[in-house]
Amino acid sequence: MLSTLPDSLVRISSSTRSTVSSLIREMKANKTDVQSIISTLSTYSSTSSFVAEKVAPLSILDKDIIVDLFRDTYLRMRELYSRANSAGLVINSMIDIFSSDIEKLEDDIKNLKLFIDNYEFLSGKDDYFNFNYLEKFDNSYNSYLYDGYTFVIPDRDGQPFPQDGNGFVDSIHGAFKMGSSVSRINVLDNIKSIKVEKNYLNYVTSESSFESVINDLNQDAWMTTIKSPSLINNDLVQYSSYFDFNSTNSSGAQSAVELEFSTSVKMDSIRIKPVHGNSLKLLQLVIFTEDTSLEQNSGVEYEEQHIRCLDAPRILDSITDIHFPESIVRKVLFIFNQPAYMRSNPIPLASELNSKHLQRFVDKRVEERRNSFSLIQDIVFYLFRRKNTIKGLETIRRSEYDTYSHKFPQNLDGYINQIKDELFMVNNTDFTDRPFFAESAIFADLVASMSLVLDNYNDFIDKTIYVESSRQTSRPANILSTLLPQQNSNTVHSIANQYYESPIKNGSVSEAIRILSGRESYDNYEYSFGIGSIDFYVTKSAEVDKACYVSKKINTDGQVVALKAKVKELKVDSSTRSNVYDISDFFSHELSISNSQTPSRESDWIPILPYDADTVSSEVLFFDTNSLFCNLRFRAVPDSIILYVDGMIVESSKYSYVYASNRLYLQDPNIFKPLSTWCASYEPDLSTIDAYQIDFEKYGVFKDSAKRYYGQNGSGEIFYGTGLDRTIDLSYVPYVRQKYIANSSYNAQTGTVFADDGSGYSPITVRLLDGTLAINMTNYTNRPEKVVFPTSTGTFYVQNGKKLIFNTEVQQSFVVEYEYIPNDTRFRLITRKNVPEVVSSAMDSVLLKMKVINFNPYYDKLRTINSI
């Protein structure tokens, strides 16, 4: 929207030009500015000496009095506005500051929770894995698209993925989802009606409007507090038909919100962000649609063109996405339930409830007066026009005649009834007590207080101002006399006495509150919950049945020799019911690892099973259309294979498995349907290879990926001396061939000695400028040995990761020749649909645990750090 604005705007207050960005910056204050603003506000005190000019009864209304009144009022209002604006700036700025701090804390809590949930996996109690990598999908910068390499992403079906992999990272929710992106739908001007039904209507202590969840103000929320003398266990029976599950145990404060749109909206997901509420649940989400084509979906029951989106209640303890088939929606029904409560033992005063009622009453009156015609304002405008225009001066008369004749207050009876209704609603008073309540003296005091004003001494003043009828003459009345009733002081009574027998008591505000105060019942059951926002989304992509995420190269501090992983799927509700299909999982997930720089072939990817998966729960199969066979990702235990087609089990007699070739064959060609989705579940056979761990040496990955370092001048990395610290840093960790280590030994004079096929092998060669070779004293045997530089003359060094430590300062140039393993390790995550007509899946995180060799053993460091 800012792109349509000019570069600079004229400031209304000072008539100067400022850039748009500077104006936006001034709308918020940072942490340092907030304290100074608060200090300024704390020094402000209201001008107690301000007193409006008084007009004597029966005197002529002088315009100078009104001018002075407006001038003083303007100065006072300007000061109040400045203070209110500063207070608003502080509040809005603090909201942003605390919101950012809260989001950071929430991220830290999520990270800690993730660490706690995976502690056993990360602790490495059963292995020597020492490097962890976590992909939380909170941004897309860890994708392969951001590490400078582009290649075609292969797939087992022979159809490569597009560049975006048919998926996208939802940074708000922290998940990888199918599609290209999602677009938030603005429904602010498209709300026809909002209907809220609740089973706690008579026990509401405070509640904001539900409209707060669909506006653009982050600080607004639908907040509700309920105090009930007993447990709330009555259900909203009128909505029981929308539950496909047993909801009889869903006792608590329930509310059903029907949100109807003026114009139907296309959407496929709804995001709910709760504010607080222990165990707040979404019992059901119902989408009323106008898309008649959805009735063809056999997996979803439709009744009067609606979709029941949940198969079970969802706890709204974090941002929650509800997905459903893309639909043209005309109405949405939310059914919330808050089962948790607190026992409120403190005994509150009834004045607390009365004050809330009075605030609500005043807010309504202010809104009424804002939207209604102002008689006083019109009189003032009339007088100014008469006294300050040429036309008015020409026709001016000595006195103003009866132009207006309206008495105040106009709608006292209406105000009385509204006060009465508000008090009944707040205090949950029985309607049978209405006559006794309305005739009470306390209620008369309350009505009178709403008809009175406060002077500078905070006392009540009788508003019954009148013109003495006995003093009226035959002369025309002035403008003031037309506004006041004409009565005789001997018979005048206060306003409340015209309606009630009990007299009106004058006194201070505290006295009136004390009269109204009383005790309310205690030991209540208090329910509290809140919804921060509800957003509607539509996915910007065509229907896809698979999506792929490829990571960038994982930067490790050493040489990766083994790897294992865990994958967490984010729970996504589907309108498809599980009892329609035989298969239990509607999505399958395939994790693969590659150590190739540009893995554009399927053979470049090594499959791996998540560490916590006991079996292959579902794997999508791709049959050869001619031979009717397919390869499994892992070798299977033959008797464990179960075959599915479109979510339904295939009889075991119609397929067979060949263990030697790891192939599954269809025995009955008639059951093959090319457009169907074929899946299999099985137990992996771990007798030949571990499906839960990748051993890079066993897979022969090092043989293909180890490279000799080459610089601009040929083989080796050039250095121009070591400096006083006697160390240099290589660009990569040197690669050590593990197969030579088994038969190696350590010599205190020459370093590691490799035998048999490794005779004469050295992972590092340091060639000095004078042609001599430095001797490598590093211990590569994986056995504890004390490493000490020899006392003989010569140049010696020890490798510590990327660092080489020499026995003396080298003051001449030298070349370091070595092999290294490029940091090409990356993962590929593919998610597929196992059954038709299901919504998008969402992946929450991928956790990789690696065994990294950096040739910096703790034992050697402890023993040789002083000697080196």
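Figured I'd write up the structure that's included with this text.

## Description of the overall build of the chain
Along the backbone of the chain there are 14 helices and 46 strands. For the chain, the proportion of its 868 residues judged to be buried stands at 42%. Counting only contacts in the chain whose residues sit at least 6 apart along the sequence, the fraction spanning at least 24 positions is 77%. Total accessible area on the chain stands at roughly 47800 Å², and carbon and sulfur atoms take up 51% of it.

## Things to note about the pairing of strand β3 (residues 131–135)
Residues Phe131, Tyr133 and Glu135 point to one face of β3 and are all buried, whereas Asn132 and Leu134, pointing to the other face, are not buried. Here β3 pairs with strand β46 (residues 842–853) via five bridges, running antiparallel. Paired with Glu135 across the bridge in β46 is Val846.

## Points about helix α3 (residues 63–117)
Residue pairs spaced three or four apart in an α-helix point in one direction, given the helix's 3.6 residues per turn. In a regular helix each residue adds 1.5 Å, so 55 residues correspond to 81 Å; α3 covers 77 Å between its end C-alpha atoms and thus fits that length. All of the buried residues along α3 are Ile66, Val90, Ser93, Ile97 and Leu114.

## Observations regarding a nonpolar patch on the surface
A grouping of Leu112, Phe115, Ile116 and Tyr119 is seen on the molecular surface, where their side chains present a nonpolar patch of about 460 Å² in accessible area. In terms of residue count, the dominant contributor to the nonpolar patch is α3 (three residues). On the secondary structure map, Leu112 appears in helix α3. The class of Leu112 is exposed, set by a relative accessible area of 52%.

## Topic: the packing of aromatic side chains
Under the criterion given, the structure shown has 32 aromatic pairs. Judged by centre distance (4.9 Å) and plane angle (45°), the rings of Tyr144 and Phe151 are tilted. The buried category is assigned to Tyr144, whose relative accessible area is 3%. Owing to a relative accessible area of 11%, Phe151 belongs among the buried residues under this scheme. Taking 4.0 Å as the distance between ring centres and 15° as the angle between the ring planes, the aromatic pair formed by Tyr732 and Tyr820 counts as stacked.

## A closer look at the pairing of strand β20 (residues 524–539)
β20 sits mainly inside the fold: 14 of its 16 residues count as buried. With four bridges joining them, strand β6 (residues 182–185) and β20 adopt antiparallel strand pairing. Counted as the bridge partner of Arg184 is Tyr537 from β20. In this structure, strand β9 (residues 222–228) lies alongside β20, joined through seven bridges in antiparallel fashion.

About the thresholds
- Throughout, residues of each chain are indexed from 1 in the direction in which the sequence is written.
- For this predicted model, a pLDDT threshold of at least 70 governs which residues receive local features, and a threshold of 80 or more governs which side-chain atom pairs are given and counted, while totals over whole chains, interfaces and linings are taken from all residues.
- Note: side-chain values were computed over all heavy atoms of the structure, leaving out hydrogens and water.
- To qualify as a helix, a DSSP run of H or I must reach at least 4 residues; to qualify as a strand, a run of E must reach at least 2; elements of each kind are numbered from the N terminus.
- Think of it in three bands: with a 1.4 Å probe and only protein chains considered, a residue is buried below 20% of the maximum accessible area for its type, exposed above 50%, and partly exposed in between.
- We call two residues in contact when some of their heavy atoms are within 4.5 Å.
- Computed with a 1.4 Å probe, the accessible areas rest on the Shrake-Rupley method; for each residue, only the protein chains presented here act as cover.
- When DSSP finds two or more bridges between a pair of strands, those strands are recorded as paired.
- Residue count minus one, scaled by 1.5 Å, sets the expected span of a helix.
- Patches here are clusters of residues that have more than 30% relative accessible area and form no salt bridge, with a 9 Å joining cutoff for like charges and a 5 Å cutoff for nonpolar side chains (Val, Leu, Ile, Met, Phe, Trp, Tyr).
- Take a side-chain nitrogen of Lys or Arg and a carboxyl oxygen of Asp or Glu: if they are within 4 Å of each other, that pair is a salt bridge.
- Pairing of aromatic rings covers Phe, Tyr and Trp, the last counted by its six-membered ring, and requires centre-to-centre distances within 6.5 Å; plane angles under 30 degrees mean stacked, over 60 mean edge-to-face, and any other angle means tilted.

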